[in-house]
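Architecture and fold: a report
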Amino acid sequence: MIHRVKFISNMIFAIETSCDETSTAILNLEGKLLSHIVSSQKNHQKFGGVVPEIASRAHLQILQIIVPQSLKEAKIKLNDIDIFCATCGPGLVGSLLVGSTMAKSMAIGHNKPFYPINHLEGHILSPLINNKLSFPYLAILLTGGHTQIYLVKDIGDYILLGETVDDAVGESLDKIAKLLSLGYPGGPLIEKIATKGNINAFDLPHPLEFEKSLNFSFSGIKTAVSLLIKEQTQITEKIKNDIAASFQNKIIEILKKRTTLALETLKKKKYNIKDIAIVGGVAANRKINEAFVKLSQNYNCRLNSPPLELCGDNAAMIAWACLQRHKIGITPDLYFKVNPKLKL
Ligand code: KG4
Ligand code: ZN
């Protein structure tokens, strides 16, 4: 009986609304997910990208449905929650405001603490959910807004080693998908048709190929593809498939090259890396995953990526990051203001 009281009174309620996924999660302090709901907004598809105003309004409507639904799923009452948290950046400012204001209001109403969570921290700690990685590990963050390489030394101790100087990898996939009239989000659509295409059909550029830094650039390849599309008299299914395959393959080549350079640099600095993690929406891509498995094996490392449902945006990773912060004694902050450009 005592155990049961302890169990149900140690809960974190998390809200994620940084972009076009509205998500809630309830996690107990032992790290068990009692409820997890992810609602992907469909009303952006016809625009070929996320419309911020539509996203904020949709978050407000969806949260009113999924907040009570998640409590029901976890078989608890709002009163049982000990900690509230929400993504406070980076992301779309209106969307961040909707989710964080709702979580802060619940915290105030129930006199409980509120933790602001960085979306990027949520992603880079996501492979640790029900999984052990040894620190320091290398995290390759691949989302619609970010392409970054981090050395994760410990919880709360992250070193940014390199990042994109222009478009993020997911953003470039979304833009190419739009150019090919495939729809949104572009990553899974490109992945699907790439299986039917020839990776050597088009010779695309490799921006920053000979740079010694760990930075990326994707806008040049996107421009090259856009010119290539204009040159075609007719965009047949075969051409679409070939462009998708060539583009995806080039992305893999770029990601592999920079990750290899990062591993070599860390080796020279005597870091013993045993785990590599690819995280974020793009990490759901099977070809990218396969390429990283091979690369990791070459360096005697394990490749970790969260389960598919935790690659894209979700509140489980926000709750998890909150739990890790709470455990190392970081204090809550109800007055934290959302920041669309929040850094890690
Ligand atoms: O992490 P995420 O869900 O949201 C952000 O934090 O941005 O990442 C979204 C990105 C989009 O650009 C989407 O096209 C891409 O992840 N993505 C994929 C795949 N599934 C989603 N890219 C490649 N292959 C996929 N299977
Ligand atoms: Zn994300």
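Everything below is about the structure shown above.
It should be emphasised that the depicted structure is a prediction, and the values quoted were computed from it without experimental measurement. (Residues numbered from 1 in each chain as written. Chains lettered and ligands numbered in written order. Predicted model: local features only at pLDDT ≥ 70, side-chain atom pairs only at ≥ 80, totals over all residues. Heavy atoms only, no water.)

**A look at the packing of aromatic side chains**
- Tallied over the entire structure, the rule returns 3 aromatic pairs.
- With a centroid separation of 6.0 Å and 15° between ring planes, the pair formed by F216 and F218 is classed as stacked. (Phe/Tyr/Trp six-rings, centres within 6.5 Å; stacked < 30°, edge-to-face > 60°.)

**A short note on the site of ligand 1**
- As a structural note, the neighbourhood of ligand 1 is formed by 20 residues, with G144, D174, G187, E191 and G281 the closest of them.
- A distance of 3.1 Å separates an oxygen atom of ligand 1 from a polar atom in the side chain of H119.
- Between ligand 1 and the protein, one listed contact pairs an oxygen atom with a backbone N or O atom of V282 at 3.5 Å.
- For ligand 1, whose unbound accessible area comes to 550 Å², protein coverage reaches 86%.
- Contributing elements (two or more residues each) for the shell around ligand 1: helix 4 (119-125), helix 5 (169-179) and helix 6 (186-194).
- If one sorts the elements of the shell around ligand 1 by residue count, helix 6 sits on top with 4 residues. (Near = heavy atom within 4 Å. Polar contact = N/O pair within 3.5 Å; in protein donor to acceptor, adjacent residues only side chain to side chain. Areas by Shrake-Rupley, 256 points an atom, 1.4 Å probe, with all protein chains shown as cover. Helix = DSSP H or I, 4+ residues; strand = E, 2+ residues; numbered from the N terminus.)

**Some details on helix 3 (residues 93-109)**
- In this model, helix 3 (17 residues) spans 24 Å end to end at C-alpha, consistent with the 24 Å of a helix rising 1.5 Å per residue.
- Here helix 3 has its buried residues at S95, L96, V98, G99, S100, M102, A103, K104, M106 and A107.
- Packing partners of the buried residues in helix 3 comprise strand 1 (11-16), helix 2 (52-74), strand 4 (83-89) and strand 5 (114-118). (Expected span 1.5 Å × (residues − 1). Buried < 20%, exposed > 50% of the residue type's maximum accessible area, 1.4 Å probe, protein only. Contact = heavy atoms within 4.5 Å.)

**Regarding the pairing of strand 3 (residues 33-40)**
- Pairing between strand 2 (residues 21-28) and strand 3: 7 bridges, direction antiparallel. Bridge pairing in strand 3 places E21 opposite S40.
- Counting the residues that bridge the hairpin from strand 2 to strand 3 gives 4 residues, and of these G31 lies at a positive phi of roughly 90°. (Pairing = 2+ DSSP bridges.)

**Things to note about the pairing of strand 2**
- Counting buried residues in strand 2 gives 8 out of 8 residues, a clear majority hidden from the surface.
- Both faces of strand 2 are covered, namely the face carrying E21, S23, A25 and L27 and the face carrying T22, T24, I26 and N28.
- Count of turn residues in the strand 1/strand 2 antiparallel hairpin: 4 residues.

**Observations concerning helix 5**
- Those residues of helix 5 that fall on the buried side of the exposure criterion are V169, G170, S172, L173, D174, I176 and A177.
- If you follow the buried residues of helix 5, they end up packed against strand 6 (137-142), strand 7 (147-154), helix 6, helix 7 (219-231) and helix 8 (237-268).
- One or two steps after helix 5, the chain reaches S181, where phi turns positive at roughly 55°.

**Some words on the sheet that holds strand 4**
- Read across the sheet, 5 strands follow the order 3-2-1-4-5 without closing on themselves; strand pairing throughout is mixed. Where the open sheet ends on each side, the last strands, each with one partner, are strand 3 and strand 5. Here the average twist between neighbouring strands, direction ignored, is 20°.
- Along the sheet, helix 2 contacts strand 1, strand 2 and strand 3; its crossing angle with strand 2, the most-contacted strand, is approximately 25°.
- Contacting strand 1, strand 4 and strand 5, helix 3 runs over the sheet at an angle of about 160° to strand 4. (Axes fitted to C-alpha atoms, helices over the stretch in contact; angles between N-to-C directions.)

**Topic: the pattern of salt bridges**
- Considering all chains together, one arrives at 9 salt bridges under this definition.
- Note that E253 and K250 form a salt bridge whose closest N and O atoms lie 3.4 Å from each other. Here E253 and its partner K250 are both found in helix 8, 3 residues apart, which amounts to about one turn of the helix.
- Residue K250 is classed as buried on the basis of its relative accessible area, which comes to 10%.
- Where salt bridges share partners, they join D167, E171, K175 and K222 into one cluster. (Salt bridge = Lys/Arg side-chain N within 4 Å of Asp/Glu carboxyl O.)

**Focus on the packing of helix 7 against helix 8**
- Contact geometry of helix 7 with helix 8 gives a least axis separation of 12 Å together with a crossing angle of 165°. Between helix 7 and helix 8, the crossing angle belongs to the class labelled roughly antiparallel. Here helix 7 runs over helix 8; the crossing is right-handed. Within the contact between the two elements, helix 7 uses I221, V225, L228 and I229 and helix 8 uses I243, F247, K250 and I254. (Parallel < 35°, antiparallel > 145°, perpendicular 65-115°, else oblique. Left-handed = near helix turned anticlockwise from the far one by under 90°.)

**Here we look at the coordination of the zinc ion (ligand 2)**
- Looking at the zinc ion (ligand 2), one finds its protein donor set to be H119 (NE2), H123 (NE2) and D313 (OD), positioned 2.0 to 2.1 Å from the metal centre.
- Here the zinc ion (ligand 2) binds 4 donor atoms, and the angle range of 95 to 143° at the metal identifies the geometry as irregular.
- If you list the donors of the zinc ion (ligand 2) from N- to C-terminus, the spacing comes out as H-x3-H-x189-D. Here D313 lies in the loop between strand 10 (302-304) and helix 10 (315-327) and H119 lies in helix 4, a separation of 194 residues in the sequence.
- Under the relative-accessibility criterion, H119 is labelled buried at 7%.
- By relative accessible area, D313 is classed as buried at 15%. (Donors = N, O, S within 2.8 Å, 3.2 Å for Na, K, Ca; no water. Tetrahedral: all angles 85-135°; square planar, octahedral: opposite > 155°, others 65-115°.)

**Topic: the packing of helix 8 against helix 9 (residues 286-298)**
- In the contact formed by helix 8 and helix 9, the axes pass within 10 Å of each other and the chain directions differ by 30°. The angle between helix 8 and helix 9 falls in the class roughly parallel. Viewed along their axes, helix 8 and helix 9 form a crossing whose handedness is right-handed. Each of Q248, I251, I252, L255, K256, T259, T260 and L263 in helix 8 lies in contact with helix 9, whose residues at this interface are K287, I288, A291, F292 and L295.
- Along the lines of polarity and charge, the residues of the contact of helix 8 with helix 9 split into 8 nonpolar, 3 polar and 2 charged. (Nonpolar A, V, L, I, M, F, W, Y, C, P; charged D, E, K, R; others polar.)

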